[in-house]
Amino acid sequence: MVQKRFPADTDLTKEITFLKDKNIDAELYSYLQSMSFPVDGVTIVEKSRLPS
Amino acid sequence: MAEKIGVKSTKTFRSHLMYLIDKGYVEDDDNRYILPNIEDIYLLLPLETIQFINDTIKESVIKVYIYLGQRYKFKKDYVFTQEEIAQHLGLKLQGNPRCRQAIHNALDILQDVGLISFENFFDGKSPRYRLLSWSNVHKSTDMIG
């Protein structure tokens, strides 16, 4: 499983906590993003739209 | 859902999700999840800018724009070379003078529409660019028609 898909720039990773954190499952985060849509300026994912 | 993202067990999926929630990248809100706009992940672009670059600029130039945006955000007095941009685009400069010109043209057009500004100088070996500004708003002109 891919854990990180965000820019592979080692200089930037020193300053971006999201990129530094190896425990983050970026694939899961990307998936949630792909299912998200904005409502009143808030980005949401409806749980009912996610496969069980 | 665990299968969808390539996680073998539901337990692993839950623990990965809980980690995102613990760190504040995802908020569990009743029947929905909220993805807060966390500045260190996103480059925020107004819809008008996205439409503008999508309508007018080639994909490779958009890549350069985003690449420079990430660096402008996190690095002071950022200086870059044509080689660096070429590498980002997966191109090889050596023996390919047209490629140099294309990169210079990409930077020029981004500057012309007000998305970046830079100064170029020569360090004795190759041209270098100092990124002076990066903007998420292009120069606007009155709409025709």
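About the thresholds
- Residues numbered from 1 in each chain as written.
- Chains lettered and ligands numbered in written order.
- Predicted model: local features only at pLDDT ≥ 70, side-chain atom pairs only at ≥ 80, totals over all residues.
- Helix = DSSP H or I, 4+ residues; strand = E, 2+ residues; numbered from the N terminus.
- Expected span 1.5 Å × (residues − 1).
- Buried ≥ 20, exposed ≤ 12 C-beta atoms within 10 Å, placed from the backbone.
- Arc of directions from axis to C-beta.
- Contact = placed C-beta atoms within 7 Å.
- pLDDT = per-residue confidence, 0-100.
- Pairing = 2+ DSSP bridges.
- Axes fitted to C-alpha atoms, helices over the stretch in contact; angles between N-to-C directions.
- Core = buried A, V, L, I, M, F, W, Y, C linked by C-beta atoms within 7 Å.

J.: Sorry, what's going on with helix α3 (residues 59-74) of chain B here?
T.: An α-helical segment advances 3.6 residues per turn. Residues three or four places apart therefore align on the same side. All names here are of chain B. If you check α3, its first and last C-alpha atoms are 23 Å apart, about what 16 residues at 1.5 Å a residue would give, namely 22 Å. Along α3, the positions that sit buried rather than exposed are Val 64, Tyr 65 and Leu 68. One side of α3 holds all its buried residues, which, seen down the axis, span an arc of 100°. Structurally, α3 contributes buried residues whose contacts are with α2 (47-56), α4 (82-89), α5 (97-112), β4 (116-122) and β5 (127-134).

J.: I would appreciate a short explanation of the confidence of the model for chain A in the present structure.
T.: Detailed reading of the predicted model is not advised wherever pLDDT is low. Residues and elements named next belong to chain A. Confidence in the prediction of chain A, expressed as mean pLDDT, is 72, and 65% of residues score 70 or more. Looking over chain A, one finds the lowest element-wise mean pLDDT in helix α1 (residues 10-13), namely 52, and the highest in strand β2 (residues 42-46), namely 89. Low pLDDT, under 50, characterises residues 1-6; the predicted model gives this stretch 13 contacts beyond four residues in sequence or across chains.

J.: Can you walk me through the sheet that holds strand β1 (residues 27-29) of chain B in this structure?
T.: Whether parallel or antiparallel, the strands of a sheet pair through hydrogen bonds between backbone atoms. Strand order in the open sheet made by the four strands is β1(A)-β2(A)-β2(B)-β1(B), with antiparallel pairing throughout. At either margin of the open sheet sits one strand with a lone partner, and together these are β1 (37-39) of chain A together with β1 of chain B. Between one strand axis and the next, the sheet turns through 40° on average, direction left out of account. As paired strands, β2 of chain A and strand β2 (residues 32-34) of chain B are joined by three bridges and run antiparallel to one another.

J.: I'm lost on the nonpolar core in this one. Help?
T.: Buried together is how nonpolar side chains tend to be arranged in soluble globular proteins. Val 64, Tyr 65, Leu 68, Ala 106, Leu 107, Leu 110 and Ile 116 of chain B are the most contacted members of the largest nonpolar core, which has 14 residues in total. At the level of secondary structure, the elements contributing two or more residues to this core comprise α3, α5, β4 and β5 of chain B. Here this core takes four residues from α5 of chain B, the largest share from any one element. The contacts of Tyr 65 of chain B, once residues within four sequence positions are left out, are Ile 53, Leu 110 and Leu 115 of chain B. With twelve residues, the next largest nonpolar core counts Ile 24, Ala 26 and Tyr 29 of chain A together with Leu 35 of chain B among its residues.

J.: Just checking my understanding: could you explain the pairing of β2 of chain A for this structure?
T.: All names here are of chain A. Relative to β2, β1 runs antiparallel, the two being bridged by three bridges. Bridge pairing links Phe 37 to Ile 44 in β2. Counting the residues in the hairpin turn of β1 and β2 gives two residues, including Asp 40, whose phi is positive at 50°.

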